[in-house]
Amino acid sequence: MNFLCHFALESPDPQRVLGQFLGDFARGPLTDLPYPPGVIAGIAAHRRLDAISGQHTLLRMAKDCLAARERRFAGIVLDLYCDTLLMAHWPDLLQEDPDPFFLRIERVLRVPSCPLPPAAAHFAQRMLDHDLLRAYADVNELPEILDRMGSRLRQPSRLSPLLLRLRQKEDRFLRAFPAFFGDLQQSMFPPCAF
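Residues numbered from 1 in each chain as written. Predicted model: local features only at pLDDT ≥ 70, side-chain atom pairs only at ≥ 80, totals over all residues. Heavy atoms only, no water.

Considering helix α4 (residues 57-64)
For step 1, the next point in the chain: Restricting attention to buried positions, one finds in α4 the residues L58, L59, M61 and A62. Taken around the axis of α4, the buried residues stretch over an arc of 155°, which confines them to a single face.
For step 2, the next point in the chain: Of the surrounding secondary structure, the elements contacted by the buried residues of α4 are α3 (37-53), α5 (74-93), α10 (160-167) and α11 (170-188). (Buried < 20%, exposed > 50% of the residue type's maximum accessible area, 1.4 Å probe, protein only. Helix = DSSP H or I, 4+ residues; strand = E, 2+ residues; numbered from the N terminus. Arc of directions from axis to C-beta. Contact = heavy atoms within 4.5 Å.)

So this is what it looks like as structure tokens:
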């Protein structure tokens, strides 16, 4: 999953939201990280969500759309594609309207509650300067974003054709996404056993 899905699954607590953002930048055991407890909880949730989404049937579905040599990129492409799938289902899955949601996340990134590592601070500024959350949500923006990402890989690769192959099965992905999102929500807020 990409940032938009991570943020949408998180509580509105700014520290936990910041932790969801830092999940891609914070390395090592949680006990060694120099962040407040709320940020640590967000990083832990980010890691849990990544682990679940990395084993989910939605990823297998994406891999089935790709040639064998392309499957190693399925996670990257699906991560971004999930943000657009989320936007397609937003009114059904989330209680908050998108515009206030985006503004709330932008405030967290603009004025983080603790210092960010340089790479995270740089990327947060890029997200704000280029309105990346909204760009990730727009499927028409994804080919260019994916190709920029692919150009930074150890062996540069164009990733936009892979998105086109997933989009050929878009109806299947749209139908499967609510269950995927529900599985992730349940991992964030497991049902209470009485």
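So much for the structure itself; the text now carries on.
Side note on the packing of aromatic side chains
For step 1, the next point in the chain: Scanning the entire structure with this criterion turns up 11 aromatic pairs.
For step 2, the next point in the chain: Measuring from centroid to centroid gives 5.3 Å for F21 and F25, while their planes differ by 45°, and the two rings are tilted.
For step 3, the next point in the chain: You can call F25 partly exposed: its relative accessible area is 23%.
For step 4, the next point in the chain: On the basis of an interplanar angle of 70° and a centroid distance of 5.8 Å, the ring pair of F101 and F102 is categorised as edge-to-face. Per residue, the accessibility class of F101 equals that of F102, and both read buried. (Phe/Tyr/Trp six-rings, centres within 6.5 Å; stacked < 30°, edge-to-face > 60°.)

Considering the side chain of D83
For step 1, the next point in the chain: With respect to the secondary-structure elements, D83 resides in helix α5.
For step 2, the next point in the chain: Although D83 lies buried, it forms no salt bridge, and the closest oppositely charged side chain, R134, sits 12 Å away as judged by the N-O distance.
For step 3, the next point in the chain: Setting aside residues up to four positions removed in sequence, D83 forms contacts with N2, F3, L4, C5, Y136 and A137. (Lys, Arg positive; Asp, Glu negative; His and termini not counted. Salt bridge = Lys/Arg side-chain N within 4 Å of Asp/Glu carboxyl O.)

Description of the packing of helix α9 (residues 142-151) against α10
For step 1, the next point in the chain: It is at 8 Å that the axes of α9 and α10 come closest, and there the two elements cross at 135°. Looking at the two axes, α9 sits oblique to α10. When α9 is examined against α10, the residues L142, P143, L146 and D147 are found in contact with a partner set consisting of S160, P161 and L163.
For step 2, the next point in the chain: In terms of residue class, the contact of α9 with α10 is made up of 5 nonpolar, 1 polar and 1 charged. (Axes fitted to C-alpha atoms, helices over the stretch in contact; angles between N-to-C directions. Parallel < 35°, antiparallel > 145°, perpendicular 65-115°, else oblique. Nonpolar A, V, L, I, M, F, W, Y, C, P; charged D, E, K, R; others polar.)

Quick notes on the environment of L9
For step 1, the next point in the chain: Residue placement: L9 occurs in helix α1 (residues 3-9).
For step 2, the next point in the chain: Overall, the relative accessible area of 3% leaves L9 in the buried class.
For step 3, the next point in the chain: Sequence spacing of L9 and H46 is 37 residues, and the spatial spacing of their C-alpha atoms is 9.5 Å.
For step 4, the next point in the chain: Apart from residues no more than four positions distant in its own chain, L9 is found in contact with M1, L49, F181, L184, Q185, M188 and F189.

A word on the packing of α4 against α5
For step 1, the next point in the chain: As a packed pair, α4 and α5 sit with axes 10 Å apart at the nearest point and diverge in direction by 115°. When you trace α4 past α5, the crossing you get is right-handed. Taken together, the residues of α5 that come into contact with α4 (itself represented by L58, L59, A62 and K63) are A74, G75, L78 and C82.
For step 2, the next point in the chain: Its residues placed into classes, the contact of α4 with α5 shows 6 nonpolar, 1 polar and 1 charged. (Left-handed = near helix turned anticlockwise from the far one by under 90°.)

Thoughts on the environment of P115
For step 1, the next point in the chain: If you trace the backbone, P115 turns up in the loop between α6 (98-110) and α7 (118-129).
For step 2, the next point in the chain: The spacing of P115 and L59 is 56 residues in sequence and 34 Å in space, taken between C-alpha atoms.

The values reported here are purely geometric and, on their own, carry no functional implication.
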